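Structural description and commentary
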Amino acid sequence: MSACSIISGIDKKLLHPYFIPMATEPRRRIFIEIIFAVTIFLTIGAGIAIGLMFAATKNIKNTEAIGEYKPALPSQILDRKGRLITELFSEEKRDMISIDRLPKHLIYALITREDQSFFEHKGFDLRGLTRAVINNFLGRYHSGGSTITQQVAGRLYDDRSDISYRRKIRELWWAVQLERSLTKNQILEIYLNNEYFGHNVYGIDAASQFYFGHSAEDITLAESVMLVIQLSSPARHSPINHPEFAKSIQSVILQQMVELGYATQEEADLSFYDFWESWDYTRSNISSAYFENESKAPYFAEYVRIQLEEMLYGALDVNRDGFIVHTTLDLDYQKIADDLMTKGLHKINATYQAGVNNRMDYVNDTFVPLVDLLALTFNLDDIRVAGTKQKKEAMDVYKKMINPTLNILSMLFSDEEINFLTDIAYSKEVQQSRKTTVEGALITLENDTGRILAMVGGSEFKTKKYNRAVQAKVMPGSAFKPLYYSAAISSRKFTPATLIYDSPVVFWNDDGTPYIPLNYMGEWKGPVRLRRALAHSMNVPSLQVLDGVGFDAVIDRASKLLGITDPEEIASTFPRRYPLGLGIIGIAPIQMARAFATFPNQGREVVPIAISYIEDRNGNIILEPEKELRALQKKKGSEARILPPADAYIMVDLLQSVVEYGTLMRRRINIGGFDGMPMAGKTGTTQNWSDAWTVGFSPYMTTAVWFGFDIHGASLGINQTGATAAGPVWAEYMKKVHASLPPKEFERPGQGITEVEVCSVTGLLPTADCDEGTFTEIFLTGTEPRRFCDYHSFQKDRDQKLVEKLKNSLLLENFSIEELELPELDSDLFSDFSSDSYIPDQYPLFSEEGNPLLD
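Scope of this entry: the structure provided in the associated data block. What you see as residue numbers is a count from 1 along each chain, following the sequence as written. Only residues with pLDDT of at least 70 get local features here, since the model is predicted, and only at 80 or more are side-chain atom pairs given and counted; chain-wide, interface and lining totals rely on the full set of residues. Side-chain calculation: all heavy atoms of the structure are included, whereas hydrogens and water are not.

Some words on the overall build of the protein chain
Per the secondary structure count, the protein chain includes 27 helices and 16 strands. For each residue, the accessible area found with a 1.4 Å probe, counting protein chains only, is set against the maximum for its type, and the residue is called buried under 20%, exposed over 50%, and partly exposed in between. Burial status across the protein chain gives 51% buried among its 855 residues. Two residues form a contact once any of their heavy atoms are found within 4.5 Å. A separation of at least 24 residues holds for 72% of the contacts in the protein chain among residues at least 6 apart in sequence. Surface exposure here means Shrake-Rupley accessible area, sampled with a 1.4 Å probe, where a residue is shielded only by the protein chains that are shown. Of the roughly 40,900 Å² of accessible surface on the protein chain, 55% is carried by carbon and sulfur atoms. Helix and strand assignments follow DSSP, with helices taken as H or I runs no shorter than four residues and strands as E runs no shorter than two, numbered in order from the N terminus.

Next comes the structure, spelled out in C-alpha cells:
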C-alpha cells in the first residue's frame with residue numbers, strides 16, 4: 001500500500017472538530033452558529049463577563065500577582081519503603097528557540113491542528129467558542145474552543161486547572177490584551193517554547209531532539225505534524241508508546257494540510273513514508289531531560305511516569321506540581337536484579353560472540369577454501385570469497401575511524417550528501433547491533449497483589465529506552481506450556497499420572513499442513529507420565545495434551561492468564577495451529593509473570609500494578625490506583641478467578657517437579673538450594689535457540705527472566721537455553737531476594753485434592769508386584785485412578801511361561817530367567833493395563849512388530 005493511499009484512506013472523524021476546513025462548511029450554518037453564540041453570550045454571560053473582566057484587570061500592570069504563585073517542585077517517586085527512586089522535573093532543561101529559525105511547514109502544521117484562523121482572529125475564534133458552547137450544552141465532545149493566543153494567556157496569567165466558563169472569560173480577555181501587545185510571531189514563539197510535548201519534554205526544540213535526534217530547525221513536514229499532535233494528548237498520541245494510533249492521526253493532519261494548501265500531496269506522501277520507514281519502534285535515539293536524571297530504577301521510573309501522564313494529564317503537571325508518588329518497587333530487590341542481569345548479560349553476550357567466532361573460524365578454515373576452489377575451477381565469479389576477510393576489515397575501519405570524521409565534516413560544511421552517507425552507515429551499525437547484541441529483561445510480581453517489586457528492561461537505559469519487560473513481544477517457547485497444561489488439568493481428561501507417548505509423530509493443522517515437532521537434541525522417551533513430560537519439557541507429549549484439550553480451551557485459558565481480553569488481540573496472538581503449543585507467539589515478560597503468579601494465588605487473576613497512591617505537595621492523597629484496583633477486583637467477584645484453587649494447586653505441584661528433578665534441577669543444586677523455601681517454575685527455549693526464558697515462583701513472588709535479541713532471527717547457540725542462560729540468573733535472584741523471608745509452604749486448598757499412592761511406571765494403583773517403586777501423587781478429587789496396575793504381574797507371568805517353554809524345548813532343568821536376555825513383550829499376551837492412560841489410537845502401546853513401547 002502506498003503512502004498516498006494510507007493518508008487519503010484515513011477516517012476524517014479522527015480529526016478534532018475544529019480542524020475541518022472552513023471552506024467545507026455552508027455559510028448558512030456559520031451564520032446560525034454566530035447568531036446562537038451571540039444570543040447565549042448576551043443573555044447569559046454579559047453581566048458576569050463585565051464583572052469578571054474588571055475584577056481580572058484590577059491590577060493589569062502587575063500580571064504576576066494574579067492567582068496564587070506556586071513555585072515549581074519536582075515530583076518524587078518513592079519505593080514501597082519510602083526511599084527515593086528518582087525525581088521528575090523539567091524547567092532547567094527547556095531549550096528556547098527563535099521562531100525565525102523554525103521552518104514554515106512547522107507553523108502551518110501547528111495552525112492546522114490547533115488554530116486554523118490564527119492569523120485572522122484577534123485573540124479568540126467565535127466559531128470555536130460557539131462549537132464548544134454547543135457541544136457542552138448538548139453533552140457531546142468536550143472541546144475547549146481555545147485559540148493559540150488563549151492557551152498562551154491561560155498559561156501565563158490564569159489557572160488552567162479551573163475548568164469553568166469563568167476562567168474561559170478571563171482567559172479570553174487576556175488573549176485580547178496579548179494580541180494588542182504582541183505580534184503573531186511573538187505569540188507563536190512563546191507558545192512553542194513553553195508547551196508540553198510528552199515524555200517529560202517542554203518546548204519544540206527539546207521535543208524535536210528527543211523524538212527525532214535533531215533540532216527543530218531541521219524538522220521535516222511529517223515530523224512537524226507528529227510534534228503538534230502531541231499537544232492535545234501526549235500520553236495517547238506518543239509515537240513511542242502508541243505508534244499506530246499516532247500514525248493515523250498524523251496522516252489525517254497531513255491530508256488536511258494538503259487540502260488547506262500548506263503542502264502538496266506529493267510532499268505529504270513522501271514525508272509520511274520517509275518518517276515511518278526510518279522510525280525506530282523500539283527506542284528513541286536521543287536522551288531527554290528526564291533521562292539524564294539519575295534513577296535507581298530507570299525502566300520502572302519511566303513506566304511509572306507514563307502512567308502518571310495518563311492519570312494526571314490536563315491541568316496537572318508531574319514535572320512542576322511536586323507530587324509524591326508511592327510505588328510498589330522494592331529498591332533492595334531492584335539492586336539485586338540490576339547486578340545479576342548485568343552480570344548475566346555480560347556472560348551471555350561473551351558466550352554468544354565466542355560461538356559466532358568459532359563458527360566463523362570453522363567456516364573460513366573448512367568451507368571457504370573449497371568454495372573458492374570451485375569458483376576458480378569453473379570460473380564462477382559470483383561465488384568467489386577470496387578477499388572477504390580484507391573487505392570486512394576495511395568496513396570495520398570505515399565505521400570506526402572514517403565515518404565519525406566524515407560526520408563531523410558534514411556538520412561543519414553543511415554538506416547534506418556526506419551527512420546522508422554517514423547516517424546510512426550509523427543506521428546499519430545500529431540495526432546490526434540490535435541483531436547481534438543479546439538483551440534481557442526481568443520482572444518480579446507479588447503473587448497475591450500483583451505489585452511490581454523489581455523491573456529491568458534491558459542493558460543500557462540511557463541509550464535504549466525500550467522497556468523489554470513490558471513492551472517486548474517475544475516468543476516464550478516451552479515456558480508457555482504450563483498455561484495450557486492447566487487447561488488440561490481443569491478438563492479432568494488429564495491428571496499428573498496420565499501416561500502420554502513420546503515419539504516422533506505428525507500433527508495435522510486445520511488447513512491440512514503437517515507439523516512434526518522434535519524434542520530437545522532429538523531424544524525420545526516412550527510412554528511418560530504427564531508430570532515427567534512437563535518437568536523435562538517434552539514437546540510431543542505436550543502437543544498431545546493440547547490436542548486432547550482442544551484449541552478453544554487452550555486459547556481461552558491462556559488469554560485469561562496473560563490478561564488479554566480484546567477478541568481481536570486474542571485472535572491475532574493465538575494461531576489455531578500446533579506450533580502454538582511450543583510458544584510460537586509474541587508475549588511480554590510482564591504477561592508471563594502475571595500468568596504464572598496466578599497459580600500460587602490459588603487461581604485468582606493477578607493484575608500488575610506499580611503505583612499505590614499519589615500525594616500532592618501538601619500531603620493530601622489525590623489518587624489511589626491500588627485501592628481502585630482492589631475495589632474493581634472485589635466487584636468482579638468470582639469472575640476474577642481464572643481457575644479453581646485445587647486446579648491451581650495441582651499446577652504449583654507440577655511446576656515444583658521442574659525444580660526438583662526437571663530442567664531447573666541443576667540450577668537449584670548449583671546455588672546450594674533455596675534454604676528451605678519451596679520453588680516452582682518452567683524454562684523455555686524457542687526454535688533456533690533465539691529466546692531463553694525462566695519463569696518461576698515461591699509462595700511470595702513470581703519472577704520472569706528473558707534473554708534474546710531485539711530483532712528476531714539470530715541464535716544464542718545450542719549451549720544457551722532457558723535452563724542454562726536464564727535459569728542461573730533466576731535461581732540466584734530468587735535465592736537472594738528470599739534470604740530475609742521466613743520459609744513457608746504454598747497454600748493448599750482445604751478440599752478438592754486427593755493423594756493416592758501409585759505405581760511409578762503406570763501411574764495406577766500399586767500391587768505387590770510393582771517392584772519398580774511407588775510414590776504419592778496428587779489428583780483432583782474424582783480423577784484419581786481406580787484400576788490396579790497389572791503390568792508387573794503380567795511381566796512376571798510372561799517370564800515364568802517363557803522359562804518353562806525354554807526348559808521343555810531345550811531340556812534345561814536348572815535354567816533361570818536371569819541367564820536370558822528376554823525379547824520385548826508380545827502384544828497378543830499384553831492386557832489393557834491402563835484405561836486411565838491417555839494414549840490415542842495413533843500413538844499405540846506397541847510397535848509394528850508387536851513389541852510393547854514402555855520404557
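A look at the sheet that holds strand 4 (residues 439-446)
Strand pairing is assigned whenever DSSP detects at least two bridges linking the two strands. Across the sheet, which stays open at both edges, the five strands sit in the order 5-4-14-13-12 with antiparallel pairing between neighbours. Taken across any chain shown, the strands that pair with only one partner, and hence form the sheet edges, are strand 5 (452-456) and strand 12 (680-685). Here the average twist between neighbouring strands, direction ignored, is 5°. For strand 4 and strand 14 (residues 701-708), the ladder comprises eight bridges, and the chain directions are antiparallel. From the neighbouring strand, leucine 445 faces strand 14, where its bridge partner is threonine 702. Running over the sheet, helix 22 (residues 589-597) touches strand 4, strand 5, strand 12, strand 13 (692-697) and strand 14 and is turned about 35° from strand 4. Simply put, an axis is a line fit to the C-alpha atoms, just over the touching stretch for a helix, and the angle between two N-to-C directions goes from 0 to 180 degrees. Relative to strand 12, helix 24 (residues 645-660) is tilted by about 65°, and along the sheet it contacts strand 12 and strand 13.

A few points about the nonpolar core
Counting residues in each nonpolar core, the largest one holds 130 residues, and the members touching the most others are Phe574 and Tyr733. Sorting elements by how many residues they give to this core places helix 24 first, with ten residues. If we skip the residues at most four places from it in the chain, tyrosine 733 touches Tyr333, Ile336, Ala337, Leu340, Leu442, Thr444, Ala454 and Thr703. Buried residues of nine kinds, namely Ala, Val, Leu, Ile, Met, Phe, Trp, Tyr and Cys, make up a nonpolar core once their side-chain atoms join them within 4.5 Å. With 51 residues, the next largest nonpolar core counts Ile204, Ala216, Met226 and Met257 among its residues.

Considerations on the pattern of salt bridges
Here a salt bridge means any side-chain nitrogen of Lys or Arg lying within 4 Å of a carboxyl oxygen belonging to Asp or Glu. One pass over the full model with this rule turns up 27 salt bridges. Close ionic contact of glutamate 179 with lysine 184 constitutes a salt bridge, the shortest N to O distance being 3.0 Å. In this structure, glutamate 179 and lysine 184 share a single accessibility class: buried. Ionic pairing is found between glutamate 624 and lysine 627, a salt bridge with its closest N-O pair at 4.0 Å. Where salt bridges share partners, they join Asp79, Arg80, Lys81, Arg83, Asp330, Asp332, Glu446, Arg451, Glu626 and Arg630 into one cluster.

Side note on the environment of glutamate 446
Counting through the fold element by element, glutamate 446 comes out in strand 4. Residue glutamate 446 is classed as buried on the basis of its relative accessible area, which comes to 16%. Along the backbone, glutamate 446 and alanine 597 are 151 residues apart, and their C-alpha atoms lie at a distance of 7.8 Å. With near-sequence residues (within four places) excluded, glutamate 446 lies in contact with Arg80, Arg451, Leu453, Val606, Tyr700 and Met701.

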